[in-house]
Amino acid sequence: MAVERLNIQPELLRWVIQRAGVSEEKAIESFPLLSSWLALEKLPTLSQLKTFAEKFYVPLGYLFMNNLPIENIPFPMFRGEAGQQEHFDLNVYDTVMNIQARQEWLEEYLEENEIETCDFVGSVDARSSSISEVVSRLRTILNLDSRWAFSLATPDAAVSLLGQRLEDAGVFLAYNGVVGNNTHRPLKVSECRGFALVNEKAPYIFINSADSKSAQLFTLIHEVAHLMLGVSAGHAGSEVLYHEATEQYCDRVAAEFLVPASVLRDIWENDTKSASRRFKVSELVVARRAHDLGLMSNADYRSFWLMYSQRPMQVKKRSSGGSFYSTSVKRVGCSFAIHVRNAVNNKQLSYTEAYRLTGLYGKTYDNFMTNNI
């Protein structure tokens, strides 16, 4: 029996590899059959197309569409002074789509079951709410005073405590440094440090766990400010100032929450390292605050910046081990996992859908839900 071959146009194949962020040369190197397909010397079989689709992370159905789909991240992803705002990264896109799918299911589930969650989404107006008012309200919501981080040993501990308080307040969190559980698809900090996905019922914050813990801490509060404003957005790249008004507002909220002016003035000894250790933020955040408050001169700040900018971007060191399940708790999110488990137990969600939403399957899913949540 003759093998059926499918007429897939080279333009579509080139779109797939471009979408995956791979050059044509690299794509052919990793998938040699592609060369003959692009030259129309040979047509692919369905089995070969399935392998090709898996290799370049494209839904198989896309290869049979008459018109190419338009794929955009549904909110701005700010990249600082040197970055492009209009920019497509497949790993970031797939991560956003994954979180959005969770949020869409959550919104329906929470509404159907009349479950109350967060009550501060969209409660702030940047035109009329001062930074101090917003920070004061956020401290009340999270039950954290101005020196809350001083008693903690590490930035990791600060991220954990803040994350727990946010989940208690009805915010859903996910931390991941790869797409799903695929360690071959890392999320670059230069492409995404985090994002906020606004929803009154199920507000979501995603944090790139490949970032340094002190940077994650700043990102958490920056994204909370986005939720309070009711504006979805993400940010990426180096620790630079953003010129867009909402980004500046969220940065100022994060800076005042994490490094309160009154506390910094009280403890300042012209030592960014010492203050950084106490507040659990980066030295750059401390230096900016000290400069803005007049505690550091223009010359001292320029000197600090020249030294700091020469350092490589600090990212979290990759762990050589650790528990898959403890990592999965961060990737899935504790609050989200509890709702999924309850929905499955109440026959409101199939196991198939639960597997899809969590990225965990079969016995792995059962063990995760039984022993880790």
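On a predicted model such as this, the values are computed, not experimentally measured, just so you know.

Trainee: Summarise the overall build of the protein chain; cite the residues concerned and give the values.
Mentor: Of the regular secondary structure elements, the protein chain holds 17 helices and 7 strands. What you see for the protein chain is a C-alpha radius of gyration of 23 Å, in line with the 21 Å of a compact globule of 373 residues. Over its C-alpha atoms, taken along the principal directions, the protein chain stretches across nearly 85 × 55 × 45 Å. When each of the 373 residues of the protein chain is scored for burial, the buried share is 48%.

Trainee: Just give me the short version of helix 15 (residues 334-345), but keep the residues and values in it.
Mentor: Compared with the 16 Å implied by 1.5 Å per residue over 12 residues, the 16 Å span of helix 15 between its first and last C-alpha is a close match. When helix 15 is considered as a whole, its buried residues turn out to be Ser 335, Phe 336, Ala 337, His 339, Val 340, Ala 343 and Val 344. Note on helix 15: the residue one or two positions beyond its end, Lys 347, has a positive phi of about 65°.

Trainee: Quick one: what's the story with helix 14 (residues 324-332), residue by residue and with numbers?
Mentor: The periodicity of an α-helix, 3.6 residues per turn, causes residues three or four places apart in sequence to face the same way. Listing the buried residues of helix 14 in full gives Ser 328, Arg 331 and Val 332. For helix 14, the angular spread of the buried residues around the axis is 85°, confining them to a single face. Of the residues that open helix 14, the one with a side-chain oxygen 3.1 Å from the backbone nitrogen of Tyr 325 is Ser 323. Just downstream of helix 14, Gly 333 is the residue with a positive phi angle, here 95°.

Trainee: I'd like to hear about the sheet that holds strand 7 (residues 233-235), residue by residue, with values.
Mentor: In sheet architecture, strand pairing relies on hydrogen bonds along the backbone and comes in two forms, parallel and antiparallel. Read across the open sheet, the 5 strands follow the order 1-7-5-6-2; overall the sheet is mixed. Single-partner strands in this sheet number two, and they are strand 1 (77-78) and strand 2 (172-176). The pairing of strand 5 (residues 194-197) with strand 7 spans 3 bridges and is antiparallel. Residue pairing across strands places Ala 196 opposite Ala 233, the latter belonging to strand 7.

Trainee: Can you break down the packing of helix 6 (residues 131-142) against helix 8 (residues 213-229) residue by residue, with the values?
Mentor: The contact between helix 6 and helix 8 brings their axes to 12 Å, and the two run at 100°. Viewed along their axes, helix 6 and helix 8 adopt a mutual orientation that is roughly perpendicular. Counting all contacts with helix 6, which are made through Val 134, Arg 137 and Leu 138, the residues of helix 8 involved are Ile 221, Val 224 and Met 228. Tallied by class, residues from the contact of helix 6 with helix 8 come to 5 nonpolar, no polar and 1 charged.

Trainee: Residue-level account of the nonpolar core, with values.
Mentor: Grouped together as the largest cluster of nonpolar side chains are 57 residues, with contacts concentrated most on Trp 148, Leu 162, Leu 220, Phe 257 and Leu 258. Every residue in contact with Leu 220, bar those within four places of it in the chain, is listed here: Val 159, Leu 162, Leu 166, Leu 173, Tyr 175, Ile 205 and Ile 207. Grouped together as the second largest cluster of nonpolar side chains are 37 residues, Leu 106, Ala 236, Phe 336 and Ala 343 included.

Trainee: An account of the side chain of Arg 139 is requested, with residue identities and associated values reported.
Mentor: Locating Arg 139 in the fold gives a position in helix 6. For the buried residue Arg 139, which engages in no salt bridge, the nearest side chain bearing the opposite charge is Glu 256, 5.3 Å off. Engagement of the side chain of Arg 139 in a polar contact is seen with the backbone oxygen of Asp 145, the distance being 3.3 Å. Sequence-distant contacts of Arg 139, defined by excluding residues within four places in its chain, comprise Leu 144, Asp 145, Ser 146, Trp 148, Glu 256, Phe 257 and Pro 260.

Parameters at a glance
- Residues numbered from 1 in each chain as written.
- Predicted model: local features only at pLDDT ≥ 70, side-chain atom pairs only at ≥ 80, totals over all residues.
- Heavy atoms only, no water.
- Helix = DSSP H or I, 4+ residues; strand = E, 2+ residues; numbered from the N terminus.
- Rg over C-alpha atoms; globule rule 2.2 N^0.38 Å.
- Buried < 20%, exposed > 50% of the residue type's maximum accessible area, 1.4 Å probe, protein only.
- Expected span 1.5 Å × (residues − 1).
- Arc of directions from axis to C-beta.
- Polar contact = N/O pair within 3.5 Å; in protein donor to acceptor, adjacent residues only side chain to side chain.
- Pairing = 2+ DSSP bridges.
- Axes fitted to C-alpha atoms, helices over the stretch in contact; angles between N-to-C directions.
- Parallel < 35°, antiparallel > 145°, perpendicular 65-115°, else oblique.
- Contact = heavy atoms within 4.5 Å.
- Nonpolar A, V, L, I, M, F, W, Y, C, P; charged D, E, K, R; others polar.
- Core = buried A, V, L, I, M, F, W, Y, C linked by side-chain atoms within 4.5 Å.
- Lys, Arg positive; Asp, Glu negative; His and termini not counted.
- Salt bridge = Lys/Arg side-chain N within 4 Å of Asp/Glu carboxyl O.

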